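# Secondary and tertiary structure notes
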2 protein chains.
Amino acid sequence: MMTLYGYFRSSTSYRTRIAMNLKQLDYDYIAVNLAKDEQLEAVFQSINPQGLVPVVQINDLWLYQSPAILEWLEEVYPEHPLLPKDAAGRMQVRALSAMIGCDIHPLNNRRILQYLRNELSVDEDQVMAWCHRWMSEGFDALEKRLAQDKTRGKFCYGDSPTFADCYLIPQVSSAERFKVDLSAYPNIVAIDAHCRTLKAFADADPMVQPDAPNA
Amino acid sequence: MMTLYGYFRSSTSYRTRIAMNLKQLDYDYIAVNLAKDEQLEAVFQSINPQGLVPVVQINDLWLYQSPAILEWLEEVYPEHPLLPKDAAGRMQVRALSAMIGCDIHPLNNRRILQYLRNELSVDEDQVMAWCHRWMSEGFDALEKRLAQDKTRGKFCYGDSPTFADCYLIPQVSSAERFKVDLSAYPNIVAIDAHCRTLKAFADADPMVQPDAPNA
């Protein structure tokens, strides 16, 4: 049995939930309340000294860092593949994923925004502008890729979901929360809309997690 | 024949050069001068609309995003493997890589520091403090992992180089440039010192690239 340590609103937890659902894996969910800094408490620090979710436990094995968790899931549970079979396709899916996982998400997460507020005395309008800048710049590039790549289908790559969709949907969700105007991104919006019709994505949604307010 | 579009000082170009050298692949090098914003010019935008290096060209195939490039190299050129054979080992190497590639590097690159300076009017002391904060927090976590993981050897994982070392050495180089005190990180320092004795790492060093000043 697998246990996922996560937080309902964490994008990296969300992408991991999507991947596990797409692979039809059962898992227990243990919420780590980042808003109450539970990730800094001794219990969780012994699980992951970096104090970050998600962490996945399977018996004696502890998986951490969502990019590594997704690759592990793909290798150990090859059914319902989330990567294409050919090397060029796999490169493309991983590159789209990294455009989100390396160039958008890390800039907008909680510890960064707290630093802007607390250490650099940045006001809330500037915090919003910061988030908008990196999300827009990232989505501009992603939209161009999705518009020009012949491999784009109902999903970011072809007509079945891949890692790239696991990364994209939580990032769109985050952009909506920060009120980023998505009208310039028709490809992203269409993929997002299609993914949300699928149970694997719906069941991973932050607002239906046990630790969501009024879940 | 492969062509690498990179910049001498870019950490993501540096990690790609290390991986290509470790795999003993020949490549042409085309410098894209980020200090002169050449990545924003039409020529490079047609190559990568995200305006980021590295990009690797092999005939009609264009690889982008260093995490995806490294995985592609490993799949297409399996000799001189940069990932362990077992899934748990591969997870560990990818997780250590992501600790650097997602949680340290993206926060300290050029476009972010320029935004802090130009849009948020942050002074140079605060820019340095910003870099120190994320490098130290990331290295604290990485050092704990390397100290406790039984898989650590002469390199981040075992006694041959992996992706994790391709990520680590450029990050240490960047930390040194920002004068981060590394004395609290004996494992990181030892791995870095060992890697630097190897030709594949030495040949990838920013200061010996054709576009380095006084190269």
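Quick notes on the rules
- Residues numbered from 1 in each chain as written.
- Chains lettered and ligands numbered in written order.
- Predicted model: local features only at pLDDT ≥ 70, side-chain atom pairs only at ≥ 80, totals over all residues.
- Heavy atoms only, no water.
- Helix = DSSP H or I, 4+ residues; strand = E, 2+ residues; numbered from the N terminus.
- Rg over C-alpha atoms; globule rule 2.2 N^0.38 Å.
- Contact = heavy atoms within 4.5 Å.
- Areas by Shrake-Rupley, 256 points an atom, 1.4 Å probe, with all protein chains shown as cover.
- UniProt positions renumbered as here; feature names shortened; annotations may be inferred.
- Salt bridge = Lys/Arg side-chain N within 4 Å of Asp/Glu carboxyl O.
- Buried < 20%, exposed > 50% of the residue type's maximum accessible area, 1.4 Å probe, protein only.
- Least-squares fit on C-alpha atoms with pLDDT ≥ 70 in both.

For chain A, the helix and strand inventory stands at nine helices and four strands. Listing each helix as α and each strand as β along chain A from the N terminus yields β-α-β-α-β-β-α-α-α-α-α-α-α. The C-alpha atoms of chain A give a radius of gyration of 17 Å, which matches the 17 Å a tight globule of 215 residues would have. Projected onto its principal axes, the C-alpha coordinates of chain A cover approximately 45 × 45 × 30 Å. Considering only intrachain contacts with a sequence separation of at least 6, the fraction spanning at least 24 residues in chain A is 67%. Total accessible area on chain A stands at roughly 8,900 Å², and carbon and sulfur atoms take up 50% of it.

The subject of this paragraph is the UniProt feature "domain: GST N-terminal" (unreviewed entry) in chain A. Mapped onto this numbering, the UniProt entry annotates "domain: GST N-terminal" (unreviewed entry) at residues 1–81 of chain A. Within the segment residues 1–81 of chain A, helix and strand shares are 36% and 22% respectively, and the terminal C-alpha atoms sit 20 Å apart.

Let's shift gears to the pattern of salt bridges. Counted by the stated rule, this structure contains 24 salt bridges over all chains. For Arg117(A), the salt bridge identified is with Glu124(A), shortest N-O distance 2.6 Å. Salt-bridge contacts for Glu137(A) lead to Arg133(A); the nearest nitrogen and oxygen are separated by 3.2 Å. Of this pair, Glu137(A) and Arg133(A) both sit in helix H6 (residues 124–148), four residues apart, roughly one helical turn. Taking relative accessible area as the criterion, Glu137(A) reaches 31% and is therefore assigned partly exposed. One connected set of salt bridges, linked through shared partners, spans Glu71(A), Glu75(A), Arg90(A), Arg94(A), Glu71(B), Glu75(B), Arg90(B) and Arg94(B).

Between chain A and chain B, which share one sequence, the superposing operator has a rotation angle of 180° and an axial displacement of 0.0 Å; the RMSD is 0.0 Å. What the rotation and shift describe, once combined, is the action of a two-fold rotation axis. Of the C-alpha atoms belonging to chain A, the one lying closest to the rotation axis is found on Cys102(A), 2.5 Å away. Take the interface residues of chain A: 98% of them recur as interface residues in chain B, which is what a same-surface contact looks like.

Attention now goes to unusual backbone geometry. Cis peptide bonds are those with omega within 30 degrees of zero, and the linkage from Val53(A) to Pro54(A) qualifies with 0°. Here Pro54(A) is to be found in the loop between helix H2 (42–47) and strand E3 (55–58). The backbone phi angle of Gln24(B) is positive, close to 55°, even though this residue is not glycine. For Gln24(B), the position within the fold is in the loop between helix H1 (11–22) and strand E2 (27–31). What makes Gln24(B) exposed here is its relative accessible area of 61%.

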